[in-house]
Amino acid sequence: MSAEANSALEIDRSVGDFSYPEKHTYDAGVGLTEDTIDYISNVKDEAEWIREFRHRALKVFREKPMPTHWATKDLNNIDFDKIRYYLSQGQRPTRSWDEVPDEVKETFERLGIPEQERKFLAGVEAQFDSEAAYSNVKEALEKQGVIFVNSTEGLREHPELFRKWFGKVIPTGDNKFSALNSAVFSGGSFIYVPPGVKVTHPLQAYFRINAENFGQFERTLIIADEGSEVMYMEGCTAPKFETSTLHSAVVELVAMPNAKIQYVTVQNWSSNVFNLVTKRGMAHENAEIRWIDCNIGSRLTMKYPGVIMKGRKARGEVISIALANDGQHQDTGAKMIHAADETTSNIVSKSISVGQGRSTYRGQVHIPKHLKGCKNNTECDALLINAHSKTDTYPAITVRGNQHATQHEASVSQVSEDQIFYMKQRGLSEAEAMSLSVNGFVNDLVREFPMEYSVELKRLIDLEMEGSVG
Amino acid sequence: MQCLRSRKRGHPIITDFLNQPTPDDLNPTTMSIDIRDLKVSIDGQEIIKGLNLTLPKGEVHAIMGPNGSGKSTLAKVLAGHEDYEVTGGSITMDGEDLLEKEADERSRDGLFLAFQYPHEIPGVTNANFIRAALQARLPKGEELDAVAFYKEMYAQMDALEMDRKFTGRSVNEGFSGGEKKRNEILQMAMLKPTYAVLDETDSGLDIDALKIVSKGVNAMRSPERGFLVITHYQRLLDYIVPDHVHVMKDGKIIRSGDKTLALELEERGYDWLNDAA
Ligand SMILES: Nc1ncnc2c1ncn2[C@@H]1O[C@H](COP(=O)(O)OP(=O)(O)OP(=O)(O)O)[C@@H](O)[C@H]1O
Ligand SMILES: [Mg+2]
């Protein structure tokens, strides 16, 4: 049973099994040059300022060294000359459902992925047709004056709003990969919520699924105007059919005074993917930004969602779950920059390392001296599933001045053999016992995810555990 | 977090499989746990040194014996703990070789161990744990009826005078010693095993709890079920009256008798017994 599930996951994740002849109408080719940038800008028919923005970003990307002085040397294995930086929307090649390996189909079955989505995820369809589901939502949103479009449309149709905030929370030169994204981005969402509007249903990247949106270099910008509220969800628990090995997104959030933004991510990458993502929000007075994040799979994930608390009483929160299985490295954490009085931040991070899997927590909490009444709470817990698993914690909390309250707790625990024996004695298989333990470990965080995600998450953990037990 | 949907609504699965028909046509003499000349080592050190014991269905056997004589070791070997190495002998359950089965299979086949030191499972609620254990006993694709499950569990908790709040608490986490023991009996009552080994379930229980737990065990006594009760105290045996009492010392059963043996032990201790007996 476990061997079978294991191979399902593995076959599913090896790109070799997914190879097919490629033909694209718009294809920037491999490698990254000035021409690549022009190509993208031309295809998108972009304004001059954005073309320049891209070119400047390319320079910054070239100048910036790999951050291997603090991050893993594995980054040096990314071959930027072999990457395809742009394939146009709807032009991804397809293959028939019959060609999709049975194991992949079974995984979809067990995760309960809806029929139409399966075809998209397996690379059978370039576009996930969700217009029917989306049109109702769209209508409701339009009535409220909410803008929810992809970034290309956002640039074209709302240039003033877009330009005002674009690249302001995460400047191009923030890091090498934010520079890369700034140079070649395509896809991603642009959302604007007008003052006082509370969007009742979560907005899902889902509704806008297409090849480009699920691309490697998506760029998302969400602006919640004064007193508004919005929740955004991206990703899905199904292992994604992956043709590219580098995913490098940039997500910027702006919460104006009294606004609330929740950004929920559940991602399950194939184990050949470098997932290097920059996510940051700016919270103005009394605004709240919450990142709720679950990372499973990938060869290397580096992701430290952040909140800059710019206005008085602003609040920032990062809740994250990371699962590193054999051969995977989850390097995740949070960045909390307190830049006003009485700002509050909360970080709760749980990581699970299975087999040779490796989890790293990196936190940065910055409270400068001149501020008053700031609070931070940081909890990071690691669970190790067997003796080979690795976990490291680098919590950097710089608090200056004595008018603040900070609290930091960290723990490393193991699923003990005796605990597994106890559960087996009650009739649970080793895999069932493992997933129950792991689910127990992340239980309080899983509750923070929307219902449909939490159910999928549980199933996903079951699958991951089945694959990991000999 | 578990979804409460049941694919076969109104199908009382729990009570269904609990009363599974027993294969009466089998030779009745094999309706027992049979331990023959069992030898067990841990880290190369022999702890059980040629032990013989037969526990037939319908009977209650008590095992008493000094600290470190190997009683819990026996219980864990029965349950299938992998740290212990069986170096000789055999164990069968209803005629089937128990030793070649994994711990979880033994459990699903009807063997239950109430642990001397029950483990904690952080983040997993009691209700979800017991549910998962019952679910594991169902054929693939069949789902436990959630309504029937809660009904049954509440009834059992009432009988054991356990507060309902224990359903939502993490398994054994932060439970008092006595609460843990009572929780073991709740699990036994829910899983309805054919053979139950109770390892010092009485230690840690206050006098009232002892009576309640004993009542719970007695309610489960039946011709279809065997109990192996490990204890240090005659008092428990006043409530759960055994059919046989065995004395274990240095890895062997050195004396067997009826319930009066326990009284004698209470009075005289273990020293008067010698290994030759
Ligand atoms: N995992 C282990 N590693 C090393 N020694 C062990 C292990 N388990 C048991 N032993 C030893 O085996 C012997 C028997 O232990 P066991 O727990 O079976 O005794 P017991 O009869 O249940 O005692 P008590 O009445 O105190 O519960 C003891 O000497 C104990 O130290
Ligand atoms: Mg003992």
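Note that the structure is predicted; figures quoted are calculated from it, not measured.

## Some words on the overall build of chain B
For step 1, the next point in the chain: The helix and strand inventory of chain B stands at 9 helices and 12 strands.
For step 2, the next point in the chain: Of all intrachain contacts in chain B linking residues separated by at least 6 positions in sequence, the fraction that spans at least 24 positions is 69%.
For step 3, the next point in the chain: Element-wise, carbon and sulfur atoms account for 48% of the exposed surface of chain B, whose accessible area totals about 12,400 Å².

## Some remarks on the sheet that holds strand β12 (residues 252–257) of chain B
Residues and elements named next belong to chain B.
For step 1, the next point in the chain: Pairing in this open sheet of 6 strands is mixed, and the strands run β6-β9-β10-β3-β11-β12 from one edge to the other. Sheet topology places β6 (111–114) and β12 at the edges, where each strand pairs with a single neighbour. Between one strand and the next, the sheet's axes are offset by a mean angle of 20°, whatever the strand orientation.
For step 2, the next point in the chain: With 5 bridges joining them, strand β11 (residues 244–249) and β12 adopt antiparallel strand pairing. Looking at the pairing, Val247 lines up with Arg255 of β12.
For step 3, the next point in the chain: Here helix α9 (residues 260–268) sits on the sheet and contacts β3 (60–64), β11 and β12; the angle it forms with β11, its principal contact strand, is near 45°.

## Thoughts on unusual backbone geometry
For step 1, the next point in the chain: The backbone of Glu342 of chain A sits at a positive phi, close to 55°, despite the residue not being glycine.
For step 2, the next point in the chain: Along the polypeptide, Glu342 of chain A turns up in the loop between β14 (329–338) and β15 (344–353).

## Remarks on the packing of helix α4 (residues 126–135) of chain B against helix α6 (residues 177–191) of chain B
Residues and elements named next belong to chain B.
For step 1, the next point in the chain: For the pair α4 and α6, interaxial distance at closest approach is 10 Å and the crossing angle is 35°. Our pair here, α4 against α6, has a crossing hand that is right-handed. For the pair α4 and α6, the contacting residues are Asn126, Phe129, Ile130, Ala133 and Leu134 in the first and Asn183, Leu186, Gln187, Met190 and Leu191 in the second.
For step 2, the next point in the chain: For the contact of α4 with α6, the per-class residue count stands at 7 nonpolar, 3 polar and no charged.

## A look at the coordination of the magnesium ion (ligand 2)
Residues and elements named next belong to chain B.
For step 1, the next point in the chain: The coordination sphere of the magnesium ion (ligand 2) contains the protein donors Ser72 (OG) and Gln116 (OE1), at a distance range of 2.0 to 2.2 Å. Of this pair, Ser72 sits in helix α2 (residues 71–79) while Gln116 is found in the loop between β6 and β7 (121–125), placing the two residues 44 residues apart along the sequence.
For step 2, the next point in the chain: Accessibility expressed as a relative area gives 21% for Ser72, which makes it partly exposed.
For step 3, the next point in the chain: For Gln116, a relative accessible area of 17% gives the class buried.

## Let's talk about the packing of aromatic side chains
All names here are of chain A.
For step 1, the next point in the chain: A complete count under the given rule lists 18 aromatic pairs over all chains for this structure.
For step 2, the next point in the chain: Measuring from ring centre to ring centre gives 5.5 Å for Phe166 and Phe185, while their planes differ by 50°; the resulting arrangement is tilted. In this pair, Phe166 sits in the loop between α8 (159–165) and α9 (176–184) while Phe185 sits in the loop between α9 and β2 (189–193), placing the two residues 19 residues apart along the sequence.
For step 3, the next point in the chain: A centroid spacing of 5.0 Å and a plane angle of 50° characterise the contact between Tyr263 and Trp291, whose relative ring orientation is tilted. Here Tyr263, found in strand β8 (residues 260–269), pairs with Trp291, found in strand β10 (residues 288–297); they are 28 residues apart in sequence, far enough to count as distant.
For step 4, the next point in the chain: By relative accessible area, which is 0% here, Tyr263 ends up buried.
For step 5, the next point in the chain: Following the ring pairs from residue to residue traces out a cluster consisting of Trp49, Phe53, Phe162, Phe166, Phe185 and Phe190.

## Side note on the pairing of β6 of chain B
Residue and element names in this part refer to chain B.
For step 1, the next point in the chain: Of the two faces of β6, both are covered, the one formed by Leu111 and Leu113 as well as the one formed by Phe112 and Ala114.
For step 2, the next point in the chain: Judged from the 4 bridges that link them, β6 and strand β9 (residues 195–199) form a sheet pairing that is parallel. Pairing of Leu113 across the sheet is with Val197, part of β9.

## Considerations on the pairing of β8 of chain A
Residues and elements named next belong to chain A.
For step 1, the next point in the chain: Most of β8 sits inside the fold, with 8 of its 10 residues counted as buried.
For step 2, the next point in the chain: Sheet topology note: the strand β5 (residues 229–234)/β8 ladder contains 6 bridges and is parallel. Across the sheet, Val230 pairs through a bridge with Ile261, a residue of β8.
For step 3, the next point in the chain: In this sheet, β10 lies alongside β8 in parallel orientation, the contact comprising 10 bridges. The residue of β10 that forms the bridge with Gln267 is Asn295.

## What about a positive patch on the surface?
For step 1, the next point in the chain: Residues Arg56, Lys59, Arg163 and Lys168 of chain A make up a contiguous surface patch of positive charge.
For step 2, the next point in the chain: As for its placement among the helices and strands, Arg163 of chain A is situated in helix α8.

## Things to note about the side chain of Lys181 of chain B
For step 1, the next point in the chain: Examined against the element boundaries, Lys181 of chain B turns out to sit in helix α6.
For step 2, the next point in the chain: Buried within the structure, Lys181 of chain B lacks any salt-bridge partner; Glu200 of chain B is the closest side chain of opposite charge, at an N-O distance of 5.9 Å.

## Some remarks on the interface of chain A and chain B
For step 1, the next point in the chain: Tallying the contact residues gives 22 residues for chain A and 36 residues for chain B.
For step 2, the next point in the chain: Regarding the contact of chain A and chain B, the summed buried area is about 2,400 Å², with carbon and sulfur atoms giving 63% of it.
For step 3, the next point in the chain: Contact with chain B buries area across many residues of chain A, yet Phe421, Tyr422 and Arg426 of chain A alone supply 32% of it, more than any other trio.
For step 4, the next point in the chain: Linking chain A to chain B there are 3 salt bridges.
For step 5, the next point in the chain: A salt bridge links Arg426 of chain A to Glu184 of chain B, with the shortest nitrogen-to-oxygen separation between them at 2.6 Å.

## Some remarks on the site of ligand 1
Residues and elements named next belong to chain B.
For step 1, the next point in the chain: What surrounds ligand 1 is a group of 14 residues, the closest being Gly68, Lys71, Ser72, Thr73 and His232.
For step 2, the next point in the chain: At 2.9 Å, a side-chain N or O of Asn67 approaches an oxygen atom of ligand 1.
For step 3, the next point in the chain: Within the contact set of ligand 1, an oxygen atom lies 2.9 Å away from a backbone nitrogen or oxygen of Gly68.
For step 4, the next point in the chain: The protein chains hide 64% of the 630 Å² of surface that ligand 1 would expose on its own.
For step 5, the next point in the chain: With 3 residues, the top contributor of residues to the shell around ligand 1 is α2.
For step 6, the next point in the chain: Counted by class, the shell around ligand 1 contains 4 nonpolar, 8 polar and 2 charged residues.

## A look at the confidence of the model for chain A
For step 1, the next point in the chain: On average, chain A scores 82 in pLDDT, and the residues at 70 or more come to 80%.
For step 2, the next point in the chain: The low-confidence segment residues 89–93 of chain A (pLDDT under 50) makes 20 contacts with residues lying over four places distant or belonging to another chain.

## Here we look at the sheet that holds β15 of chain A
For step 1, the next point in the chain: Read from one edge of the open sheet, 8 strands run β3-β5-β8-β10-β13-β15-β17-β19 (chain A), paired in parallel fashion. Of all the strands in the sheet, the pair left with one neighbour each is β3 (203–204) and β19 (405–414) of chain A.

## A word on the pattern of salt bridges
For step 1, the next point in the chain: Per the stated rule, a full pass over the model turns up 37 salt bridges over all chains.
For step 2, the next point in the chain: A salt bridge links Lys458 of chain A to Asp462 of chain A, with the nearest nitrogen and oxygen atoms 3.2 Å apart. Taken together, the positions of Lys458 of chain A and Asp462 of chain A, both in helix α12 (residues 451–468) and 4 residues apart, correspond to about one turn of that helix.
For step 3, the next point in the chain: Assessed through its relative accessible area of 18%, Lys458 of chain A is described here as buried.
For step 4, the next point in the chain: Since its relative accessible area comes to 23%, Asp462 of chain A is described here as partly exposed.
For step 5, the next point in the chain: In this structure, Arg221 of chain B and Asp243 of chain B form a salt bridge, with 3.7 Å as the shortest nitrogen-oxygen distance. Remark: Asp243 of chain B occurs in the loop between α8 (234–239) and β11 and Arg221 of chain B occurs in the loop between α7 (207–220) and β10 (226–230); sequence separation between them is 22 residues.
For step 6, the next point in the chain: Asp243 of chain B gets classed as partly exposed once you look at its relative accessible area, which sits at 32%.

## Brief notes about α7 of chain B
All names here are of chain B.
For step 1, the next point in the chain: For α7, with 14 residues, the first-to-last C-alpha span of 20 Å sits near the 20 Å given by 1.5 Å per residue.
For step 2, the next point in the chain: Taken together, the buried residues of α7 touch α5 (146–159), α6, β9, β10 and α8.
For step 3, the next point in the chain: Between the side-chain oxygen at the start of α7 and the backbone nitrogen of Asp208 there is a gap of 3.0 Å, and the oxygen is on Asp206.

Rules and cut-offs
Residues numbered from 1 in each chain as written. Chains lettered and ligands numbered in written order. Predicted model: local features only at pLDDT ≥ 70, side-chain atom pairs only at ≥ 80, totals over all residues. Heavy atoms only, no water. Helix = DSSP H or I, 4+ residues; strand = E, 2+ residues; numbered from the N terminus. Contact = heavy atoms within 4.5 Å. Areas by Shrake-Rupley, 256 points an atom, 1.4 Å probe, with all protein chains shown as cover. Pairing = 2+ DSSP bridges. Axes fitted to C-alpha atoms, helices over the stretch in contact; angles between N-to-C directions. Left-handed = near helix turned anticlockwise from the far one by under 90°. Nonpolar A, V, L, I, M, F, W, Y, C, P; charged D, E, K, R; others polar. Donors = N, O, S within 2.8 Å, 3.2 Å for Na, K, Ca; no water. Buried < 20%, exposed > 50% of the residue type's maximum accessible area, 1.4 Å probe, protein only. Phe/Tyr/Trp six-rings, centres within 6.5 Å; stacked < 30°, edge-to-face > 60°. Patch = residues over 30% accessible without salt bridge, like charges linked within 9 Å, V, L, I, M, F, W, Y side chains within 5 Å. Salt bridge = Lys/Arg side-chain N within 4 Å of Asp/Glu carboxyl O. Lys, Arg positive; Asp, Glu negative; His and termini not counted. Charge placed at Lys NZ, Arg CZ, Asp CG, Glu CD. Buried area = accessible area lost by both parts, 1.4 Å probe. Near = heavy atom within 4 Å. Polar contact = N/O pair within 3.5 Å; in protein donor to acceptor, adjacent residues only side chain to side chain. pLDDT = per-residue confidence, 0-100. Expected span 1.5 Å × (residues − 1).

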